[in-house]
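# Close look at the chain arrangement
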Amino acid sequence: MELRRKDFLKGMRVLDFSRYLPGPFATMRLADMGADVIKVEDPSIGDPARYLPPLAEETGRLFLLLNRNKRSLAIDVKTEAGREILHRLIPKVDVVVESYRPGVMARFGLDAETLRTIHPGLIYCSITGYGQRGPMASRAGHDINYAAMTGILDGIGNPGGPPSIPSVQLADLAGGMAAVEQILAAWVRRLRTGEGAVLDVSMTDVLHSWQVFPLAVEQSGEPVTRGSHVLCGTMTAYNVYETADGRYVALGALEPKFWNRFCDAVGRREWRDRGFTPPDDPSGLYHEVAELFRSRKLEEWVRIGEEADCCLTPVLTLSEAVRSSLARERENFFALDHPAEGSQVMPNSGFLSARDKRTGNPVTPAPRRGEHTAEILLEMGFRREEIDRFMEEGIVEGGESR
């Protein structure tokens, strides 16, 4: 199945200085929508994610998943000549994305103030953990720190137990999606007014904005601790249960109609209208329900959930989720061949389709470091002899490396 990119952002050119996960995730989504994303990499090492295990053949699989549909420009931004080349590119660029700590891009002469002097209509997006200003702006951090500082991590886990680390990088991915949201909003305004923008995307800010339900609970006077509120396992109808074969199901029968459907489907009408009963209730309802779930295998519970339509689903492993009929019909995963790294299974951003005949270019694999350097510079008006000289001097790289 060959997927093709949407062309929603055809005509947008993005200069991407970001590395690792949040920025590349954001620019991947822009590229999937048709933007021309130019990934700026150091000629000697490139994006460090290229070497981050697990590896395919020689390249990190995370890098391969995050950098499809992009072109690579390998250029030494620490040299004056490298900066001059980039300054010459800026008038032909619409968006800059970077994910360094505050002040780093200024040392390279590539900060928002400098580049918007060259191109006032430029949209400049910085993605950081704690923002461009504030008491923690200069602090180092990773996903676990941002989740910890926003109260998100404290809410994950069982009552009385320690916080649990999520299996996905919530802050990194949320920050990447928020960056796309802000870039698109700024792009719409620029199309209308010609005005550029400086965007300060803080991953902690984004996770703070996610605390809507816990805040609603706290402001009602109830305590908010691990497993303390209604959507954290404090009711029988909204919980996770073990099955007879050691698997798990998720019961999300939050509304009475769904709980009652479940009760009818398992022949326990005496449980009807009691779904909000907490696990520690003296009636023992939760334990009766848990015992019932342990009496049948997962396959049977899947059938009951489908027939009763009561918000009862299996807890799938990742491999099961990728192979599921839901994922297949929705085109949520696809295989992409890389000439040097083999085939990779990739998640769909939602902007790739094999069915929509209005879509644009085919999906392309992650580039080799500097693979498109000469191509990009020629497009931007540089002469061939200039490019050859830059390569000889080591200011840019031509793309023979991984």
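Okay, so let's go over this structure.

## Section: the overall build of the chain
The helix and strand inventory of the chain stands at 16 helices and 14 strands. Counting only C-alpha atoms and orienting by the principal axes, one finds that the chain spans roughly 85 × 50 × 40 Å. The 402 residues of the chain split such that 47% are buried. A fraction of 69% describes how many contacts in the chain between residues 6 or more apart in sequence connect residues 24 or more apart. For the chain, the accessible surface area stands at approximately 19900 Å², while carbon and sulfur atoms represent 52% of it. In the chain, 49 positive and 57 negative side-chain charges are present, and the distance between their average locations comes to 3 Å.

## Quick look at the environment of Arg19
The topology assignment puts Arg19 in the loop between β2 (13–16) and α1 (22–32). You can call Arg19 partly exposed: its relative accessible area is 29%. Residues Arg19 and Val40 lie 21 residues apart in sequence; the distance between their C-alpha atoms is 9.4 Å. Beyond its immediate chain neighbours, meaning those up to four positions away, Arg19 contacts Pro24, Asp47, Pro48, Ser99 and Tyr100.

## Description of the packing of α1 against helix α7 (residues 170–193)
Their axes nearest at 8 Å, the elements α1 and α7 cross at an angle of 45 degrees. With respect to their mutual orientation, α1 and α7 come out oblique. α7 is crossed by α1, and the crossing has right-handed handedness. On α7, the residues touching Pro22, Phe25, Ala26, Arg29 and Leu30 of α1 are Asp172, Leu173, Gly176, Met177, Ala179, Val180, Ile183 and Leu184. Its residues assigned to classes, the contact of α1 with α7 shows 10 nonpolar, 1 polar and 2 charged.

## Considerations on empty space enclosed by the protein
Empty space among the atoms becomes visible once a probe the size of a water molecule is rolled across them. Applying the stated criterion to the full structure yields 1 cavity of 30 Å³ or more. By volume, the largest cavity amounts to about 30 Å³. For the largest cavity, the full set of lining residues is Leu64, Leu336, Asp337, His338, Gln344, Met346, Pro365 and Ala366. When residues of the lining of the largest cavity are traced back to their parent elements, those giving at least two are β11 (333–338) and β12 (342–347). It is β11 that contributes the most residues to the lining of the largest cavity, 3 residues altogether. For the lining of the largest cavity, a count of residues per class yields 5 nonpolar, 2 polar and 1 charged.

## Things to note about the environment of Gly398
Structurally, Gly398 is set in the segment after β14 (396–397). What makes Gly398 partly exposed here is its relative accessible area of 34%. For the pair Gly398 and Glu375, spaced 23 residues apart in sequence, the C-alpha to C-alpha distance is 9.4 Å. When neighbours within four sequence positions are excluded, Gly398 is seen to be in contact with Gly370, Glu371 and Met391.

## Focus on the pattern of salt bridges
A full pass over the atoms with the stated rule returns 32 salt bridges. The salt bridge involving Arg88 is made with Glu386; its shortest N-O contact spans 3.1 Å. On the criterion of sequence distance, the pair formed by Arg88 in helix α3 (residues 80–89) and Glu386 in helix α16 (residues 384–392) is long-range, its members being 298 residues apart. We classify Arg88 as partly exposed; its relative accessible area is 43%.

## A look at α1
Of all 11 residues that make up α1, 11 are buried, and the element is covered over most of its length. Listed in full, the buried residues belonging to α1 are Pro22, Gly23, Pro24, Phe25, Ala26, Thr27, Met28, Arg29, Leu30, Ala31 and Asp32. Once α1 finishes, Gly34 follows within two positions and takes phi at roughly 110 degrees, a positive value.

## Section: the side chain of Arg29
Along the chain, the position of Arg29 falls in helix α1. Although Arg29 is buried, it makes no salt bridge; Asp32 carries the closest opposite charge, 6.7 Å away. Beyond its immediate sequence surroundings of up to four residues, Arg29 is in contact with Met177, Val180, Ser349 and Phe351.

## Some words on the sheet that holds strand β9 (residues 248–252)
Working definition: the strands of a sheet are paired by backbone hydrogen bonds and lie parallel or antiparallel to each other. Taken in spatial order, the 3 strands make up an open sheet running β8-β9-β10, and their pairing is antiparallel. One side of each edge strand has no neighbouring strand; the edge strands of this open sheet are β8 (238–242) and β10 (312–314). Across the sheet, the mean angle from the axis of one strand to that of its neighbour is 20 degrees, orientation sign disregarded. Sheet topology note: the β8/β9 ladder contains 5 bridges and is antiparallel. The residue of β9 that forms the bridge with Glu242 is Tyr248. Strands in contact with helix α11 (residues 285–293) are β8, β9 and β10; relative to β8, the strand with the most contacts, it is inclined by about 45 degrees. Where helix α12 (residues 298–308) meets the sheet, it contacts β9 and β10, and its direction lies at approximately 145 degrees from that of β10.

What counts and what doesn't
Residues numbered from 1 in each chain as written. Predicted model: local features only at pLDDT ≥ 70, side-chain atom pairs only at ≥ 80, totals over all residues. Heavy atoms only, no water. Helix = DSSP H or I, 4+ residues; strand = E, 2+ residues; numbered from the N terminus. Buried < 20%, exposed > 50% of the residue type's maximum accessible area, 1.4 Å probe, protein only. Contact = heavy atoms within 4.5 Å. Areas by Shrake-Rupley, 256 points an atom, 1.4 Å probe, with all protein chains shown as cover. Lys, Arg positive; Asp, Glu negative; His and termini not counted. Charge placed at Lys NZ, Arg CZ, Asp CG, Glu CD. Axes fitted to C-alpha atoms, helices over the stretch in contact; angles between N-to-C directions. Parallel < 35°, antiparallel > 145°, perpendicular 65-115°, else oblique. Left-handed = near helix turned anticlockwise from the far one by under 90°. Nonpolar A, V, L, I, M, F, W, Y, C, P; charged D, E, K, R; others polar. 1 Å grid on protein atoms, 1.4 Å probe; cavity = no way out; pocket = protein on both sides within 12 Å on 5 of 7 lines; lining within 4 Å. Points joined across faces, edges and corners; volume = space filled by probe spheres on them. Salt bridge = Lys/Arg side-chain N within 4 Å of Asp/Glu carboxyl O. Pairing = 2+ DSSP bridges.

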